[in-house]
Amino acid sequence: MTDTQKLPVTLLAGFLGSGKTTLANRILSEQHNQRIAVIVNEFGDVGIDGSLVVGVEDNVVELNNGCICCTVRNDLSETLSDLMERREQFANTEPFERVLIEASGMASPGPAVQTLLMDRKLSTQFRLDGVITMTHAQHIVDQLQKHPEASEQVGYADQIILNHCDQSTPEALEAAENALRTCNREASIMQSTRADVDVSDLLRTRTWEPEAWQLARTEQACEPDCDDEDHDHHDHHHGTTHTSGVGTLTLRLDAPLDLNRLKMWLLFVSKRNSHELMRLKGILHCQGHEQPVIVQGVYQWLELQSGPGKAPEESVLVLIGRHLDAEELTREWTDCQARTV
Ligand SMILES: Nc1nc2c(ncn2[C@@H]2O[C@H](COP(=O)(O)OP(=O)(O)OP(=O)(O)O)[C@@H](O)[C@H]2O)c(=O)[nH]1
């Protein structure tokens with residue numbers, strides 16, 4: 001199966017009470033023209049409206065908007081394999097085209113992300129499309145300080161939803177956005193009340209596809225003298241002590257990199273014990289490569305591949321993790337520069 005034929009999977013993370021189930025319920029009950037298989041922990045939690053149900057079989061409930069809902073069986077791999085079998089068995093009916101997994105409120109998304117990327121069978125059928133993290137606008141600042149799981153959920157996110165806005169003052173919302181930005185500079189943030197987001201927009205993340213990421217970087221790019229604070233000028237974001245040590249480091253280089261040296265360094269960095277590298281993404285200009293080299297990583301899993309189009313003038317590598325040593329990593333990154341140009 002090619003990458004474009006694989007079923008996209010969105011992981012929905014977020015701390016207890018942030019609004020994950022409310023969003024899952026919205027997806028299952030709204031008419032949005034997307035056939036999504038939603039995996040939840042408990043049917044009872046979602047409280048599916050009986051009038052929307054068109055069929056029930058085993059632990060799968062079919063809804064009238066084309067979505068289906070099921071609970072996790074023994075583990076995630078087994079649940080996804082069962083879903084895929086069901087999809088093939090019912091080939092004459094319109095099959096679901098995306099999977100959304102609601103993760104547990106106290107869990108880091110790390111293991112589920114790793115399962116999707118590294119499980120041999122699953123990775124031939126599914127592709128991780130993105131991580132959406134739900135946050136409680138009133139409590140997230142406190143949760144980021146006190147609970148490492150909350151900072152990991154934010155650290156992994158491609159899209160953050162700042163929910164419970166109705167219960168928050170404008171000052172608290174600003175503080176929440178700042179804390180989220182400290183933890184993860186790369187994710188986009190949308191505000192909501194009772195998860196009232198546009199489902200189609202939300203699920204169009206495609207952050208794990210090189211083209212989409214490249215486009216996002218191009219849109220963010222700005223002139224050196226630009227003073228727009230939304231843009232990404234700084235290499236390191238400070239204040240990680242307020243986010244259980246989780247922070248983002250953006251490394252840039254406007255000279256070509258030596259791909260072999262870079263690979264060795266990335267392997268070394270992903271295994272280093274002094275920090276915990278959660279995510280790594282980059283679009284790089286490597287010597288002798290006309291196309292961009294795209295790098296993606298989660299914990300110790302790393303993937304390098306050629307991207308579409310021309311190599312960028314400037315290489316950008318984003319690292320999100322706990323206790324990242326900006327000075328040391330910047331020095332080592334710079335050392336990956338090709339020696340002879
Ligand atoms: N006032 C208000 N209540 C909300 C909002 N979003 C969700 N809720 C309520 O908050 C409670 C928790 O929401 P859930 O969707 O169950 O949160 P969750 O993240 O699934 O929670 P866990 O299952 O504990 O992880 C429920 O009673 C929701 O109805 C919101 O934006 N504003």
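None of these values were measured; they are calculated from a predicted model.

Leu80, Val99, Ile101, Val113 and Phe126 are the most contacted members of the largest nonpolar core, which has 46 residues in total. If you tally residues by element for this core, the top one is helix α8 (residues 170-183), at 5 residues. The two domains that each donate at least three residues to this core are domain 1 (7-202) and domain 2 (210-334). Look past the residues within four positions of valine 99 in its chain and what remains in contact with it is Leu7, Pro8, Val9, Thr10, Ala37, Ile39, Leu80 and Phe126.

Summarising the model, the protein chain shows a mean pLDDT of 85, and 86% of its residues fall at 70 or more. Per-residue pLDDT stays below 50 along residues 221-235; that stretch engages in 22 contacts with residues further than four places along the chain or on separate chains. Scored as a complex, the prediction yields pTM 0.81 and ipTM 0.99.

Throughout the structure, instances matching the rule amount to 1 aromatic pair. The lysine or arginine in question, arginine 87, covers the ring of phenylalanine 96, its NZ or CZ lying 5.5 Å from the ring centre.

Once that is clear, we can look at the pattern of salt bridges. In total, this model carries 15 salt bridges according to the counting rule given. Across the salt bridge formed by glutamate 30 and arginine 26, the nearest N and O atoms sit 3.0 Å from each other. Since its relative accessible area comes to 28%, glutamate 30 is described here as partly exposed. Residue classification places arginine 26 among the partly exposed residues on the basis of a relative accessible area of 22%. For arginine 322, the salt bridge is made with glutamate 276, and the minimal N-O distance between the two is 3.3 Å. Here glutamate 276 lies in strand β11 (residues 276-284) and arginine 322 lies in strand β14 (residues 315-322), a separation of 46 residues in the sequence. With relative accessibility at 25%, the residue glutamate 276 sits in the partly exposed group.

In this section: the UniProt feature "domain: CobW C-terminal" (unreviewed entry) in the protein chain. On the UniProt side, "domain: CobW C-terminal" (unreviewed entry) is annotated at positions that read residues 246-337 here. Span residues 246-337 is 24% helix and 40% strand, its end C-alpha atoms 27 Å apart.

Attention now goes to the sheet that holds strand β3 (residues 53-57). With mixed pairing, the 9 strands of this open sheet are ordered in space as β3-β4-β5-β2-β6-β1-β7-β8-β9. Looking at the sheet topology across the chains shown, the edges are occupied by β3 and β9 (188-191). Across the sheet, the axes of successive neighbouring strands diverge by a mean angle of 20°, strand direction being ignored. With 5 bridges joining them, strand β7 (residues 126-136) and strand β8 (residues 159-163) adopt parallel strand pairing. Residue pairing for β8: methionine 134 is matched across the bridge by isoleucine 161. Sheet strands in contact with helix α3 (residues 76-89) are β1 (7-14), β2 (36-40), β3, β4 (60-63), β5 (68-71), β6 (98-102) and β7, and its direction is about 145° off that of β5. In the packing of helix α7 (residues 148-156) onto the sheet, the strands contacted are β1, β7 and β8, and the crossing angle to β7 comes to about 130°.

In this section: the sheet that holds strand β13 (residues 301-306). Reading across the sheet, the 5 strands line up as β10-β14-β11-β12-β13 and stay open at both edges, with antiparallel pairing between neighbours. Each end of this open sheet is capped by a strand with a single partner; those strands are β10 (246-253) and β13. In this sheet, neighbouring strand axes are inclined to one another by 15° on average, regardless of whether the strands run parallel or antiparallel. Note that strand β12 (residues 293-298) and β13 share 6 bridges and pair antiparallel. Following the sheet pairing, valine 293 is matched in β13 by serine 306.

Turning our eyes to something else, we now look at the site of the ligand. Surveying the vicinity of the ligand reveals 16 residues, the closest of which are Lys20, Thr21, Thr22, Asp166 and Arg194. For the ligand, an oxygen atom lies 2.7 Å from a polar atom in the side chain of lysine 20. In the complex, the protein chains occlude 69% of the 650 Å² of accessible area that the ligand would expose alone. Looking at which element gives the most residues to the shell around the ligand, the answer is helix α1 (residues 20-29), with 3 residues.

The rules behind each value
- Residues numbered from 1 in each chain as written.
- Predicted model: local features only at pLDDT ≥ 70, side-chain atom pairs only at ≥ 80, totals over all residues.
- Heavy atoms only, no water.
- Core = buried A, V, L, I, M, F, W, Y, C linked by side-chain atoms within 4.5 Å.
- Buried < 20%, exposed > 50% of the residue type's maximum accessible area, 1.4 Å probe, protein only.
- Helix = DSSP H or I, 4+ residues; strand = E, 2+ residues; numbered from the N terminus.
- Domains from an automatic or database assignment.
- Contact = heavy atoms within 4.5 Å.
- pLDDT = per-residue confidence, 0-100.
- Phe/Tyr/Trp six-rings, centres within 6.5 Å; stacked < 30°, edge-to-face > 60°.
- Lys NZ or Arg CZ within 6 Å of the ring centre and 35° of its normal.
- Salt bridge = Lys/Arg side-chain N within 4 Å of Asp/Glu carboxyl O.
- UniProt positions renumbered as here; feature names shortened; annotations may be inferred.
- Pairing = 2+ DSSP bridges.
- Axes fitted to C-alpha atoms, helices over the stretch in contact; angles between N-to-C directions.
- Near = heavy atom within 4 Å.
- Polar contact = N/O pair within 3.5 Å; in protein donor to acceptor, adjacent residues only side chain to side chain.
- Areas by Shrake-Rupley, 256 points an atom, 1.4 Å probe, with all protein chains shown as cover.

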